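Chain by chain, the residues run as shown.
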Amino acid sequence: MPIDAAKALAADPRLGDIGWDHKDVQLYHLGLGAGRPATDPDELRYTLESKLHVLPSFATVAGAGMAMLGGLAAPGIDVNLAAVLHGGHSIELHRPIPVKGRATSRSKVAAVYDKGKAAVIVLRSEVADADGPLWTSDAQIFVRGEGGFGGERGPSAKEELPGRAPDRTEERHIREDQALLYRLSGDWNPLHADPEFAKTAGFDQPILHGLCSYGMTLKAVVDTALGGDVSRVRAYRTRFAGIVYPGETLRIRMWQEPGRVQVSVTAAERDDAPVLADTVVEHA
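Residues numbered from 1 in each chain as written. Predicted model: local features only at pLDDT ≥ 70, side-chain atom pairs only at ≥ 80, totals over all residues. Heavy atoms only, no water.

Attention now moves to the sheet that holds strand β8 (residues 249-257). Spatially, the 10 strands line up as an open sheet ordered β1-β3-β4-β5-β2-β7-β10-β9-β8-β6, and their pairing is antiparallel. Each end of this open sheet is capped by a strand with a single partner; those strands are β1 (14-20) and β6 (168-173). Between one strand axis and the next, the sheet turns through 20 degrees on average, direction left out of account. With seven bridges joining them, β1 and strand β3 (residues 101-114) adopt antiparallel strand pairing. (Pairing = 2+ DSSP bridges. Helix = DSSP H or I, 4+ residues; strand = E, 2+ residues; numbered from the N terminus. Axes fitted to C-alpha atoms, helices over the stretch in contact; angles between N-to-C directions.)

Structurally, Val143 is set in strand β5 (residues 132-144). Note on Val143: relative accessible area 0%, which makes it buried. Each C-alpha atom, one on Val143 and one on Arg232, is 34 Å from the other, the two residues being 89 residues apart in sequence. In this structure, Val143 is in contact with Val79, Ala83, Val84, Ala118, Ala119 and Ile121, ignoring residues within four places of it in sequence. (Buried < 20%, exposed > 50% of the residue type's maximum accessible area, 1.4 Å probe, protein only. Contact = heavy atoms within 4.5 Å.)

Moving on, we get to the nonpolar core. Judged by nonpolar contacts, the single largest core of 50 residues is most densely connected at Trp20, Phe58 and Trp135. Take this core: its biggest share by element is eight residues, from helix α6 (residues 210-224). Core analysis: the next-biggest nonpolar cluster, separate from the first, contains 16 residues, Leu72, Ile77, Ala119 and Ile141 among them. (Core = buried A, V, L, I, M, F, W, Y, C linked by side-chain atoms within 4.5 Å.)

Tracing the sequence through the fold places Ser185 in the loop between α4 (178-182) and α5 (195-200). Exposure remark for Ser185: the relative accessible area of 15% places this residue in the buried category.

Our next topic: the environment of Gly148. Along the polypeptide, Gly148 turns up in the loop between β5 and β6. Using a relative accessible area of 56% as the deciding quantity, one classes Gly148 as exposed. In this view, Gly148 contacts Asp114 and Gly116; residues no more than four positions away in its chain are not counted.

Now for helix α2 (residues 22-31). Buried residues of α2: Val25, Gln26, Tyr28, His29 and Gly31, and no others. Packed against the buried residues of α2 are β1, α3 (41-47), α4 and α6. Downstream of α2 by a residue or two, Gly33 has a phi angle that is positive, lying close to 95 degrees.

In this section: the pairing of strand β10 (residues 273-283). Along β10, nine of the 11 residues are buried, which leaves the element largely enclosed by surrounding structure. The pairing of strand β7 (residues 233-240) with β10 spans six bridges and is antiparallel. Bridge pairing links Tyr236 to Val281 in β10. Bridge count between strand β9 (residues 260-267) and β10: seven bridges; the pairing is antiparallel. Following the sheet pairing, Val261 is matched in β10 by Val281. Remark: five residues form the turn of the hairpin made by β9 and β10, two consecutive strands paired antiparallel; Asp271 in that turn has positive phi of roughly 55 degrees.

Counting across every chain of the model gives six aromatic pairs. Seen in terms of ring centroids, Tyr214 and Tyr236 are 4.2 Å apart; in terms of plane orientation they differ by 20 degrees. Their pairing is stacked. With Tyr214 in helix α6 and Tyr236 in strand β7, this pair connects stretches of sequence that are 22 residues apart. Judged by its relative accessible area of 0%, Tyr214 falls in the buried class. These aromatic residues form a ring-pair network of at least three members: Trp20, Tyr28, Phe58, Trp135 and Tyr182. The ring of Tyr46 is capped by Lys219, whose NZ or CZ atom sits 4.5 Å from the centre of that ring. (Phe/Tyr/Trp six-rings, centres within 6.5 Å; stacked < 30°, edge-to-face > 60°. Lys NZ or Arg CZ within 6 Å of the ring centre and 35° of its normal.)

In this section: the environment of Arg102. Residue position: Arg102 is located in strand β3. What Arg102 contacts, discounting residues up to four positions off in sequence, is Asp17, Ile18, Gly19 and Asp129.

Side chains bearing opposite charge may pair, as long as their charged atoms lie close to each other. With the rule as written, the count across this model stands at 19 salt bridges. A salt bridge links Arg45 to Asp223; its shortest N-O distance comes to 4.0 Å. Separated by 178 residues along the polypeptide, Arg45 in helix α3 and Asp223 in helix α6 bring together distant segments of the chain. With a shortest N-O distance of 2.8 Å, Glu171 and Arg251 are connected by a salt bridge. Taken together, the residues Glu171 in strand β6 and Arg251 in strand β8 connect sequence positions 80 residues apart. Ionic contacts of the salt-bridge type, sharing partners, join the residues Asp42, Glu43, Arg45, Lys219 and Asp223 into one network. (Salt bridge = Lys/Arg side-chain N within 4 Å of Asp/Glu carboxyl O.)

The structure is reproduced here in structure tokens:
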């Protein structure tokens, strides 16, 4: 079988050293659309090194974080990359991410689930520096055509939206060049830049990175529901439910509950087509 779940789960973790500084953080924030208006004091926290704080979703790119997807080459995993989709992502923050750091990453296959017509592989990275754990990041990788091997189906991450109007709704416009800027943080997939490549993949034009929508959404939640305090974020999870194109607008609806914000993200110009679903920010 292409997937040997027992072998994949038993494999030793991959260790790596990662590092970042204020330039990496600023570039990531700019890729999310930070800095508009450029002199807004609230935006300077994302763009000016003397005032900088770190949005927790930076964990997805720190030290070229997408390298964790190399876990698809782990023992027991032999899949066609054309059948692979990034189905969801979650991060757990153990403490605020420093503006400059060096850390060790331990990456491994944490779970393999059998969804019948597909498999879901959970690739986990645990990152720690000299002072202890920083964050744990889980990428849920959906592999079409690789189910049916008799494994566990896995938990359901379904989050029913509250039966009331959202407490707040924010709209975030995606610049035409935003995917070009975001990809400089490490995801070089031409799907997000090359129109011809996008057409071969079945899209009218390049699409925005799912993890860019993920970061934009967290920034909107932090800036509005959490008073601009990134240190309040404890965990953040989502399922990638659809695409959005540069030039469109994310409509971000938020329901505030004790200790968490539940979020729905849609493409405003396409009749609120789903972009992110089952999205929750847990906070202090």
